[in-house]
Amino acid sequence: MGAQKSIHAGKAKIDVNVDFTHKLCASLMLPTLRSSGNPLSLVIGSLCIKHPNLFGGSEKLDVSWDKGLYDSNILVAYRRPRPEWLAQQSFVLQHSLSPEIGVHGIPINNFSRSGSGGVNLSRLSLGLDLKEPVSPKWSSTTSIKFEHVRPLNDEGRSISRDYDGFPLTCSGNAHDSMVVLKQESRFAKANDRSFFHFNLQIEQGIPVLSKWIIFNRFKFVASKGIKLGPAFLLTRLTGGSIVGDMAPYQAFSIGGLGSVRGYGEGAVGSGRSCLVANSELTLPLNKMLEGAIFLDCGTDLRTGHLVPGNPALRQGKPGSGVGLGCGLRFKSQFGHFQVDYAVNAFQQRTLYFGLSNLAS
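Think of each chain on its own: its residues are numbered from 1, step by step along the sequence as written. Selection of residues for local features in this predicted model requires a pLDDT of at least 70, selection of side-chain atom pairs for listing and counting requires 80 or more, and totals for whole chains, interfaces and linings are taken over all residues. Note: side-chain values were computed over all heavy atoms of the structure, leaving out hydrogens and water.

A short note on the overall build of the chain
Okay, step 1: Broken down by element type, the chain carries three helices and 21 strands.
Okay, step 2: For the chain, with 360 residues in total, the buried portion stands at 40%.
Okay, step 3: In the chain, the share of contacts with a sequence separation of at least 24, taken over all contacts with a separation of at least 6, comes to 55%.
Okay, step 4: Accessible area of the chain: about 19,100 Å², with a carbon and sulfur share of 61%. Secondary structure elements follow DSSP: runs of H or I of four or more residues count as helices, runs of E of two or more count as strands, with numbering from the N terminus. For every residue, the accessible area obtained with a 1.4 Å probe (protein chains only) is divided by the maximum for its type, and the residue is called buried under 20%, exposed over 50%, and partly exposed between those limits. We call two residues contacting when some pair of their heavy atoms lies within 4.5 Å. Here the accessible surface of atoms and residues is derived via Shrake-Rupley with a 1.4 Å probe, and residues count as covered only by protein chains that are part of the display.

Next comes the structure, spelled out in structure tokens:
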């Protein structure tokens, strides 16, 4: 279901990778957003071009393009060599286009799936990343970027309001512009029987112009894994909040794979704050097969009404939810296969499939 090829042209290396299975499985969880007669709309895959010595001084240029059924992402990164004891610099240009399901998606089938709300986001960013020297357990990245966000409908035309007439941007116009200073810190500790990871992201909107968004947003993810005899217990806690100016698309969405299983993407709620807890216990059944039981829960901490336009209330989202279920994990030399069966608080059942680490 996948193919990979590396081509050497002089000092440049072109990696072509097409992966059908993962994105096709993901698309099964998302109802059709639009229909198109263009055959290229069904093409999914990725293209990566790398140059290890662009100007003869070990400068690196990476160009990548990823395309799904309904989304695309183009990333251009230029990295200059610096001594290891200095922060490593990267100049980054990125453009992405994706459906905005988490906040504006419409819950269906007892909140087990999310349909299109007719809103897509086009994001263009340009900036500088500084990666601090890595210590044994801590690492840090600082970035400053200009971002331009433009809502589009399913036909690709600019829109400034949703189906109910509420603004989609903070400015009320067809786009938002902002300069964002971001600090991300990571901590990792592991031994033979357990591990602990912690990630903290802080974003600050800088008021370069009076009409640009000014906000402070933080998000943390803490995960802990520990062996319990032959079993392995994994727990994770995710939370965040935003203060200041805010557009609806900046809200924290809760629900879906990677959040609260048993619900569609964002079907639990979307708010200025959130808290999500996940726990999963896996037990080996044989050398290649593991069984799993899991429990997910999440809440918007009663901040859904603080999001401009209150999209969660208008779509009837509960604001909190619990999902539990079981699954199988199959690992082989050809790749990893995962299936999860989840039940939400409305007794709606959902089946998830996943494929990863496919052999080329």
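Structural notes on the packing of aromatic side chains
Okay, step 1: Here is the rule: rings of Phe, Tyr and Trp (six-membered ring for Trp) pair when centre to centre is within 6.5 Å. Planes less than 30 degrees apart are stacked, more than 60 are edge-to-face, and the remainder are tilted. Per the counting criterion, the structure on display carries seven aromatic pairs.
Okay, step 2: Measuring from ring centre to ring centre gives 4.8 Å for Phe111 and Phe346, while their planes differ by 25°; the resulting arrangement is stacked. In this pair, Phe111 sits in the loop between strand 7 (106-108) and strand 8 (113-115) while Phe346 sits in the loop between strand 20 (335-344) and strand 21 (349-356), placing the two residues 235 residues apart along the sequence.
Okay, step 3: Given the relative accessible area of 17%, Phe111 is considered buried.
Okay, step 4: A centroid spacing of 5.0 Å and a plane angle of 50° characterise the contact between Trp138 and Phe187, whose relative ring orientation is tilted. You can see Trp138 sitting in strand 10 (residues 138-152) and its partner Phe187 sitting in strand 11 (residues 176-190), a full 49 residues away along the chain.
Okay, step 5: Through a chain of ring-to-ring contacts, the aromatic side chains of Trp138, Phe187 and Phe196 assemble into a single cluster.

Quick word on the nonpolar core
Okay, step 1: To define a nonpolar core, start from buried Ala, Val, Leu, Ile, Met, Phe, Trp, Tyr and Cys residues and group those joined through side-chain atoms within 4.5 Å. Residues Met178, Phe215, Tyr249, Ile254, Val260 and Tyr263 are the most contacted members of the largest nonpolar core, which totals 22 residues.
Okay, step 2: Setting aside residues no more than four positions away along its own chain, Tyr263 makes contact with Phe111, Ser112, Gly255, Gly256, Val268, Gly321, Val322, Gly323, Asn344, Ala345, Phe346 and Tyr352.

As for the side chain of Gln89
Okay, step 1: Here Gln89 lies in strand 6 (residues 88-99).
Okay, step 2: With a relative accessible area of 14%, Gln89 lands in the buried category.
Okay, step 3: Side-chain polar atoms of Gln89 contact the side chain of Arg80, separated by 2.7 Å.
Okay, step 4: Sequence-distant contacts of Gln89, defined by excluding residues within four places in its chain, comprise Tyr78, Arg79, Arg80, Arg82, Leu128, Asp129 and Leu130. In protein, a polar contact requires one atom able to donate a hydrogen and another able to accept it; more generally it is a pair of N or O atoms within 3.5 Å, and residues adjacent in sequence count only if both atoms are side-chain atoms.

Describing the environment of Lys227
Okay, step 1: Mapped onto the fold, Lys227 is located in strand 13 (residues 215-228).
Okay, step 2: For Lys227 and Arg193, which are 34 residues apart along the polypeptide, the C-alpha to C-alpha distance reads 5.4 Å.
Okay, step 3: Once residues within four sequence positions are removed from consideration, Lys227 is found in contact with Asp192, Arg193 and Phe232.

What about the pairing of strand 17 (residues 273-284)?
Okay, step 1: Paired strands are those between which DSSP finds at least two bridges. In the sheet, strand 14 (residues 231-244) pairs with strand 17 via ten bridges, with the strands oriented antiparallel. The residue bridging Gly240 from the neighbouring strand is Cys274, located in strand 17.
Okay, step 2: Strand direction decides the pairing type here: strand 17 and strand 18 (residues 289-299), joined by ten bridges, are antiparallel. In the strand pairing of strand 18, Val276 is matched with Gly298.
Okay, step 3: Linking two consecutive strands that pair antiparallel, namely strand 17 and strand 18, is a turn of four residues.

Notes on the environment of Leu283
Okay, step 1: On the secondary structure map, Leu283 appears in strand 17.
Okay, step 2: Overall, Leu283 belongs to the partly exposed group, its relative accessible area being 42%.
Okay, step 3: Excluding its chain neighbours within four sequence positions, the residues that come into contact with Leu283 are Pro230, Ala231, Glu290 and Gly291.

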